[in-house]
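Chain and residue survey
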Amino acid sequence: RAPEKPDAGLYTRFLNEHHLAIYREMTDALRAMGVRQMTSDISCTAKAINAIPRKQFDYVDNHFYWAHPVFPNGGFNSLPSVVMNESAVGRYAGGVSSMFISRVLGRPFTITEWDYVNPNCYNVEGAFLTGAYAALQDWSGLCRFNYAQDVRQINRPEWPLTWFFPSVNDPLRMLSERAGFLFFVRRDVRRSEIVYPFLIPAESMKDPSRPDDFPALPNRLGLIGRTGTMTVPVGKTPVFPDGTRALLGMEKAMDVPLPYIPCGVPQEDLKRMVDAKLIPAGCYDPSADVYTSSTGELRLERQANRFRVSTPYSEGFVLKENQSLNGTFASVANRLCFGAFLVASIDSRPLAESGRILILHLTDSKNSGMRFTGPDMNTCTDHGGLPLLVRRGEAELTLKRIFRGFRCYALDLDGSRFAEVAMNVKDGSTVLSLKTANKGKVIAAYELVNERKGKEK
């Protein structure tokens, strides 16, 4: 006789309770040995059922990847490999936005594995998106996976991009991390003061009919304000974070003291929230599916596939060929090839006053001889080898400032100055022509520096 299938709700409850019992046992053993560091668990999902045990951890950790490789013939790192060749901007920022809802409000939150991997042609956008939205959400830490897969990658100046994750030998992804660092670690991007908690009844894990996946609405709202889960005890109302505009959930109705939005079709829910003034004016445009953060610093245009960061200390732009974007200080007209651009003060003064500015123009890097099955470049059949290639890009960068006493230098990939770049003044602004190829060199970075003695007047 075949064994009877366990009741789904009871089995889920058993797994959660057993998981927590093991977690407490291991944590108690560590504490008895004198370990005082915070502990956590469940670092690989964004499922609704995990929100309840996660509330018991000292902090919450999770992992995500955008365009993670798939191997049709089996065997990790075998060929052919399939990596989705698509920009994450058109998918609501991709991997980073899928993490918004897995955060437990009131607990520190880290991402200790994340990557927008090779050979996706848009992977330099990953650090821009992840650093900016992690700062908006006020997350606690980010660890990219990975710097290197093999010690030889660190010890040799050049190494082919034969693995999917290492960044040490990929000069463009390494440069892109400067943008993520400035947005997140330097905190150029401000955290949102608006919060949209997602409520989970404490008894919900006993309901076998409850969906395992979160609805999409919280991750859309995370492009505007902070979001995460809160467990609601039976017969009690939790204390909601300051700045809470509305409460979200899967239940049709909940007895709560603030506006409650039962999640359904995200675009319809967003429109209702705009009408009810639960989303700040100008933060969501339904006609073009545009999301502007409550701080006004981040803007994701999903249909146009453009992303902009605009802060007093740094501005970033992610856009395709023949697109333009305007910031407060800078604007980019991208002429050739997808590109990610950064204009950043590196002397602790706002861009409008800075005496030293870093400019990045990042496209795509590939091995020589890399082969794909078709123009979509999703399926790779040969990793190729050295030398590394960088896709040609051209753009016009306009800075709303006249830089008297300044010089602009194109930088080699080791950071040394390669050649001086002409600056043209037009209508009170400075215009630079950016090209990734210059006299046989790859140019991805520029230094704009005040070399005149004394302060600029």
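See the structure shown above.
Anyway, here's the lowdown on the structure attached to this text. (Residues numbered from 1 in each chain as written. Predicted model: local features only at pLDDT ≥ 70, side-chain atom pairs only at ≥ 80, totals over all residues. Heavy atoms only, no water.)

**Side note on the overall build of the protein chain**
Definition in use: Secondary structure follows DSSP: runs of H or I at least 4 residues long count as helices, runs of E at least 2 residues long count as strands, and numbering of each begins at the N terminus. Here the radius of gyration uses the C-alpha set of atoms, whereas the globule reference equals 2.2 Å times the residue count to the power 0.38. Partly exposed residues are those whose accessible area sits between 20% and 50% of the maximum for their type, while under 20% is buried and over 50% is exposed, using a 1.4 Å probe and protein chains only. In what follows, residue pairs with any heavy atoms lying within 4.5 Å of each other are defined as contacts. Note that accessible areas follow from Shrake-Rupley with a 1.4 Å probe, and for residues the cover is restricted to the protein chains shown.
A tally of helices and strands in the protein chain yields 8 helices and 29 strands. The C-alpha radius of gyration computed for the protein chain amounts to 24 Å, which stays within 12% of the reference 23 Å derived for 457 residues, consistent with globular compactness. Over its C-alpha atoms, taken along the principal directions, the protein chain stretches across nearly 75 × 50 × 50 Å. Expressed as a percentage of its 457 residues, the buried residues of the protein chain come to 52%. When contacts within the protein chain are restricted to residue pairs at least 6 apart in sequence, those whose partners lie at least 24 apart make up 64%. About 20800 Å² of surface is accessible on the protein chain, with carbon and sulfur atoms providing 52% of the total.

**Observations regarding helix α8 (residues 266-275)**
Note on helix geometry: an α-helix contains 3.6 residues per turn, so any two residues three or four positions apart are oriented the same way. The condition is simple: This arc corresponds to the set of directions leading from the helix axis out to the C-beta atoms.
Listed in full, the buried residues belonging to α8 are Pro266, Asp269, Leu270 and Met273. Taken end-on, α8 shows its buried residues confined to a sector of 100 degrees, consistent with a single buried face. On its buried face, α8 is in contact with β5 (195-201), α7 (217-221), β7 (247-249), β8 (260-262), β9 (284-285) and β10 (290-292).

**Examining the sheet that holds β9**
Put simply, the test is: When DSSP finds two or more bridges between two strands, those strands count as paired. Angles here are taken between N-to-C directions and fall from 0 to 180 degrees, while the axes themselves are lines fitted to C-alpha atoms, restricted in helices to the stretch in contact.
Taken in spatial order, the 10 strands make up an open sheet running β9-β10-β11-β12-β13-β16-β17-β29-β23-β24, and their pairing is antiparallel. At either margin of the open sheet sits one strand with a lone partner, and together these are β9 and β24 (417-421). Strand direction decides the pairing type here: strand β23 (residues 406-411) and β24, joined by 4 bridges, are antiparallel. Among the inter-strand pairings, Tyr409 is bridged to a residue of β24, identified as Glu420. With respect to the sheet, helix α6 (residues 171-184) is in contact with β12 (306-310), β13 (314-319), β16 (339-345) and β17 (356-362), its orientation differing from that of β17 by roughly 130 degrees.

**Examining helix α4 (residues 125-137)**
Under the convention used in this document: Take the residue count of a helix, subtract one, and multiply by 1.5 Å to get its expected span.
Taking 1.5 Å of rise per residue, the 13 residues of α4 would be expected to cover 18 Å, and the 18 Å separating its terminal C-alpha atoms lies within 8% of that figure. With respect to burial, α4 is a largely interior element, 13 of its 13 residues being buried. Just downstream of α4, Asp138 is the residue with a positive phi angle, here 65 degrees.

**Observations regarding the pairing of strand β6 (residues 226-232)**
Of all 7 residues in β6, 7 are buried; the element is thus mostly enclosed. Residue alternation in β6 divides its side chains into two sets, Arg226, Gly228, Met230 and Val232 and Thr227, Thr229 and Thr231, and both sets are buried. Sheet analysis places β5 next to β6, joined by 7 bridges and oriented parallel. Note on β6: the bridge partner recorded for Leu199 is Met230.

Nothing here speaks to function; it is geometry throughout.
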